[in-house]
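Remarks on the overall topology
Read off the chains here:
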Amino acid sequence: MKHIDEYRDKTLVDNLIRKIESEVSRPWTIMEICGGQTHAIMKYNLLDLLPREITMVHGPGCPVCVTPIELIEKALILSRRENTILASFGDMLRVPGSTTDLLSTKALGGNVQMVYSPLDAVQLAIDHPHMQVVFFAVGFETTAPAVALAVSQANIRKIDNFSILVAHVLVPPAIQALLSAPQNRIDGFLAAGHVCTVMGYEQYIPIAEKYKTPMVVTGFEPVDILFGIQKTVHMLESGVVGVENAYPRSVKKEGNLPAQALLKEIFEIGDRNWRGIGPIPGSGYHLREKYRRFNADLLFDLQGIEAEEPAICIAGEILTGNKKPFECSAFGTLCKPEKPLGAPMVSSEGACAAYFKYSITEKN
Amino acid sequence: MSGNILEQSCPIPKSDYEHILLAHGGGGKLTQQLIDKIFYPLLGNEILARGHDGATLTTSGVKLAFTTDSFVVDPIFFPGGNIGDLAVNGTVNDLVCCGAIPKFISLAFILEEGLPIEDLWEIVKSIRHAADKSGVKVVTGDTKVVGKGKGDRIFINTSGIGEVIEGTNIGPEQCSPGDVIIINGSIADHGIAIMSKREGFSFETTIESDTASLNEMVTEVLNKYKSVHVLRDPTRGGLASALNEISNSSKTGITLYEDKIGISESVRGACEIMGFDPLYIANEGKILMILPEKDAPGVLDILRTHREGKEAAIIGYVTEEDPGFVKLRTTIGSSRIVDMITGEQLPRIC
């Protein structure tokens with residue numbers, strides 16, 4: 001298939017591996033930020049092909065994994081509320097809250113609708129004028145513009161039965177938090193290509209310089225990922241600090257300006273709690289005051305709801321790259337995709353799910 | 001705990017799931033959990049224990065295959081077919097997977113109040129057409145109607161009886177290291193056709209279900225090659241789940257070659273967009289054949305003379321290594337496992 005097969009080409013893969021092998025002279029630890037990249041790495045078992053000097057650690061870029069548990073509790077409450085439809089992306093439905101998940105709630109009659117786009121949720125509101133439709137707005141800068149567009153449309157069309165439960169998170173503050181942690185061992189980053197498609201990569205430059213850590217904007221196919229790794233290794237080996245773009249077919253330095261303008265119109269930046277990691281200053285989008293009538297948190301009086309994580313889950317250690325899924329005592333025993341303790345075991349972008357699904361040797 | 005199974009409490013821990021989820025019907029791990037923890041312990045016997053698509057029974061010296069299936073597809077009309085021909089073809093193919101020539105089927109309809117009679121007429125016409133094509137007779141049936149909202153327009157339950165072809169011995173436990181794995185064409189067409197219609201997606205070309213009865217093609221193979229070890233239609237849960245079941249029950253390993261598995265361009269495109277893995281998507285006109293390598297060229301020759309087998313290919317091998325695991329040699333030369341699906345595939349966020 002055009003635009004796919006060329007990025008899964010064995011010859012290109014072999015050439016990139018040879019190039020990495022010829023350049024690498026010492027051990028390097030590289031983190032891929034995005035869970036989509038983690039899954040591609042495991043699905044194509046790139047770890048098998050890379051030289052042993054390269055250690056890949058997996059980052060926090062799994063949107064449903066970092067959605068704080070209290071927001072999932074709020075979504076669960078909304079899904080059980082009379083005359084209310086909770087609309088959500090599919091990947092969120094299996095993520096466990098403190099006692100249950102949205103799919104189980106749906107099985108008991110909760111009104112949960114899977115949608116492919118936030119605009120589908122606006123349409124649901126139009127089609128069900130006597131119901132309240134709440135969209136569970138989860139994701140990084142990649143999905144936020146579509147949510148901003150949905151709010152903008154609902155505002156223009158004066159739809160008064162649509163609102164959003166906002167859980168959006170931002171990548172750069174998370175990278176800063178990782179790099180400033182005392183236990184940080186990351187030498188270089190693969191930045192998430194889809195996030196950078198929207199936001200560009202200018203805001204990564206001061207971070208790379210401050211922490212003297214190279215970053216390479218990277219795509220999601222095997223050739224893309226190996227190209228990103230090869231560029232990172234090259235920068236590390238030659239002592240270059242900065243940001244390079246290994247995904248130019250999608251990413252421009254300045255990003256998608258109309259999408260950024262829309263984000264700025266609808267959202268303001270504030271603190272956000274990350275599941276397993278904790279609060280990160282300036283790492284979340286929140287609805288601006290003038291759009292407060294779309295804020296489900298306020299509309300349905302959900303503020304102050306809290307929930308607790310299962311103590312055994314080490315999602316935070318996994319999401320910050322400090323531990324690999326196999327290092328969790330619950331991996332594959334108490335925690336499996338069919339009954340996850342934490343979100344990384346269930347999401348299609350979660351590191352634990354990727355290891356469980358694609359890896360043979362260290363699984364029970 | 002009492003020794004009598006009927007006096008025991010449910011062995012699926014409450015901490016797993018207290019209620020049935022859609023995923024329990026997805027053909028993956030949760031379906032298997034119901035089978036292993038509830039159906040086998042309470043109902044198990046030596047015939048059920050074979051874990052095949054249908055039961056093989058010997059009565060008065062005649063070897064029969066017997067199967068049952070239910071059809072709850074939504075939408076009931078979809079590109080390439082409808083719930084009627086799907087029901088006949090599915091039942092016929094389950095009998096075929098027992099190495100049998102399908103003979104008789106039953107049909108039980110559960111109709112929801114409000115179903116247009118015209119729809120029922122169209123569905124029954126398709127049933128007749130599919131039955132004629134497969135050479136089976138509908139010999140008994142039943143009709144029930146449930147109130148509005150208590151069903152979803154139409155559900156069909158079937159059972160089927162076939163006559164096992166003499167000299168064959170088909171079953172997952174027959175699978176042996178060195179065997180080849182053949183499939184009769186591209187995968188994932190049915191599931192993607194259904195999902196596209198259900199979700200209102202349209203692509204440049206309409207993706208059609210592959211629903212088809214395979215008895216004529218498979219009978220021709222079995223008449224000539226009694227050495228076929230396993231036949232399995234990779235329906236719910238797709239190719240990956242079917243091969244995991246075979247690998248588990250035969251305690252062998254399976255290695256698949258990604259570049260040998262046919263997937264049409266439009267299905268690949270749809271899977272890329274929706275974030276689905278085609279290995280887990282349902283097929284309704286495909287059959288996996290596992291047999292000694294020496295017979296593969298002859299079997300492929302026969303398959304390729306049939307419309308349903310034009311693109312038949314060897315997609316993998318049975319191995320001694322890693323028993324119980326299915327491995328995939330990727331297009332880029334690495335190797336990874338292909339696990340059984342856990343629940344329904346859910347589209348990713350980005």
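Residues numbered from 1 in each chain as written. Chains lettered and ligands numbered in written order. Predicted model: local features only at pLDDT ≥ 70, side-chain atom pairs only at ≥ 80, totals over all residues. Heavy atoms only, no water.

Topic: the overall build of chain B
In terms of regular secondary structure, chain B is built from eight helices and 14 strands. Radius of gyration (C-alpha) of chain B: 20 Å, near the 20 Å computed for a compact globule of 350 residues. Its C-alpha atoms give chain B principal-axis dimensions of about 60 × 55 × 45 Å. In chain B, which comprises 350 residues, the proportion classed as buried is 53%. Surface accessibility of chain B: about 15500 Å² in total, with carbon and sulfur atoms responsible for 53%. Side-chain charges of chain B comprise 32 positive and 47 negative groups, with the mean position of each set lying 1 Å from the other. (Helix = DSSP H or I, 4+ residues; strand = E, 2+ residues; numbered from the N terminus. Rg over C-alpha atoms; globule rule 2.2 N^0.38 Å. Buried < 20%, exposed > 50% of the residue type's maximum accessible area, 1.4 Å probe, protein only. Areas by Shrake-Rupley, 256 points an atom, 1.4 Å probe, with all protein chains shown as cover. Lys, Arg positive; Asp, Glu negative; His and termini not counted. Charge placed at Lys NZ, Arg CZ, Asp CG, Glu CD.)

As for the packing of aromatic side chains
All names here are of chain A. Counted by the stated rule, this structure contains eight aromatic pairs over all chains. Following the ring pairs from residue to residue traces out a cluster consisting of F326, F331, Y355 and F356. Positioned above the aromatic ring of W28 is the side chain of R26, whose terminal nitrogen or guanidinium carbon lies 3.9 Å from the ring centre. Over the aromatic face of Y7 sits the side chain of R249, whose NZ or CZ is 3.5 Å from the ring centroid. (Phe/Tyr/Trp six-rings, centres within 6.5 Å; stacked < 30°, edge-to-face > 60°. Lys NZ or Arg CZ within 6 Å of the ring centre and 35° of its normal.)

A word on the domain arrangement of chain A
Residue and element names in this part refer to chain A. When cut into domains, chain A gives domain 1 (5-59 + 172-245), domain 2 (65-170 + 255-299) and domain 3 (315-358). Between domain 1 and domain 3, the contact holds 16 residues from the first and 15 residues from the second. Of the roughly 1300 Å² buried between domain 1 and domain 3 on both sides combined, carbon and sulfur atoms contribute 58%. Area buried by domain 1 at its contact with domain 3 is led by H39, M42 and H58, which between them contribute 45% of it. On inspection of domain 1 and its partner domain 3, the count reaches zero salt bridges. Counting every contact that joins domain 1 to domain 3 gives six residue pairs in polar contact (both at pLDDT 80 or more). Put simply, the parts of the chain that give the side of domain 1 that touches domain 3 at least two residues each are β1 (28-34), α2 (35-43) and β2 (54-61). Top element by residues in the side of domain 1 that touches domain 3 is α2. It accounts for six residues. For the side of domain 1 that touches domain 3, a count of residues per class yields seven nonpolar, seven polar and two charged. (Domains from an automatic or database assignment. Contact = heavy atoms within 4.5 Å. Buried area = accessible area lost by both parts, 1.4 Å probe. Salt bridge = Lys/Arg side-chain N within 4 Å of Asp/Glu carboxyl O. Polar contact = N/O pair within 3.5 Å; in protein donor to acceptor, adjacent residues only side chain to side chain. Nonpolar A, V, L, I, M, F, W, Y, C, P; charged D, E, K, R; others polar.)

Remarks on the interface of chain A and chain B
Taken together, the contacts link 45 residues of chain A with 40 residues of chain B. Counting each side, the surface lost to burial between chain A and chain B is near 3600 Å², with a carbon and sulfur contribution of 62%. Viewed at the interface, chain B and chain A are joined by two salt bridges. One salt bridge in this structure joins R8 of chain A and E272 of chain B, with 2.7 Å as the shortest N-O distance. Taken together, the connections running from chain A to chain B amount to six residue pairs in polar contact (both at pLDDT 80 or more). Of all the elements in the fold, those that place two or more residues in the side of chain A that touches chain B are α1 (10-23), α2, α3 (46-49), α4 (63-66), α6 (102-107) and α16 (351-358) of chain A. Here the side of chain A that touches chain B gets four residues from one element, more than from any other, and that element is α6 of chain A. Classifying every residue of the side of chain A that touches chain B gives 22 nonpolar, eight polar and 15 charged.

A few points about a nonpolar patch on the surface
Together, I5, L6, F39, L42, L43 and L48 of chain B make up an exposed nonpolar region whose accessible area comes to about 570 Å². Mapped onto the elements, L43 of chain B comes out in helix α1 (residues 29-43). (Patch = residues over 30% accessible without salt bridge, like charges linked within 9 Å, V, L, I, M, F, W, Y side chains within 5 Å.)

Section: the state of the cysteines
Residue and element names in this part refer to chain A. Counted according to the given criterion, the structure contains one disulfide over all chains. Residue pairing for C62: its cysteine sulfur links by disulfide to C65, the two sulfurs lying 2.1 Å apart. Taking the torsion about the S-S bond as the criterion, the C62 to C65 disulfide, at about 65°, is right-handed. The exposure class of C62 is buried, given its relative accessible area of 2%. When its relative accessible area of 1% is taken as the criterion, C65 is described as buried. No disulfide involves C196; its sulfur sits 10 Å from the nearest other cysteine sulfur, which is in C34. C196 sits in the buried class, given a relative accessible area of 0%. As a non-bridged cysteine, C328 has C335 as the owner of its nearest cysteine sulfur, 6.5 Å distant. (Disulfide = S-S within 2.5 Å.)

Observations concerning the pairing of strand β7 (residues 188-192) of chain A
The side chains of a regular strand alternate, first on one face of the sheet and then on the other. All names here are of chain A. Of all five residues in β7, five are buried, a share of seventy percent or more. Here β1 runs beside β7; their pairing, made up of three bridges, is parallel. Each bridged residue has a counterpart across the sheet, and for I30 the counterpart in β7 is G188. Strand direction decides the pairing type here: β7 and strand β8 (residues 215-218), joined by four bridges, are parallel. Looking at the pairing, L190 lines up with V216 of β8. (Pairing = 2+ DSSP bridges.)

Some details on the sheet that holds strand β14 (residues 335-337) of chain B
All names here are of chain B. Pairing within the open sheet is mixed, and its seven strands lie in the order β9-β11-β8-β12-β10-β13-β14. Two strands in the sheet have a free side with no partner beyond their single neighbour: β9 (230-232) and β14. The sheet shows a mean angle of 25° between the axes of neighbouring strands, direction not considered. Two elements, β9 and strand β11 (residues 288-291), share three bridges in a ladder whose sense is antiparallel. In the sheet register, V230 faces β11, and the bridge partner there is I290. (Axes fitted to C-alpha atoms, helices over the stretch in contact; angles between N-to-C directions.)

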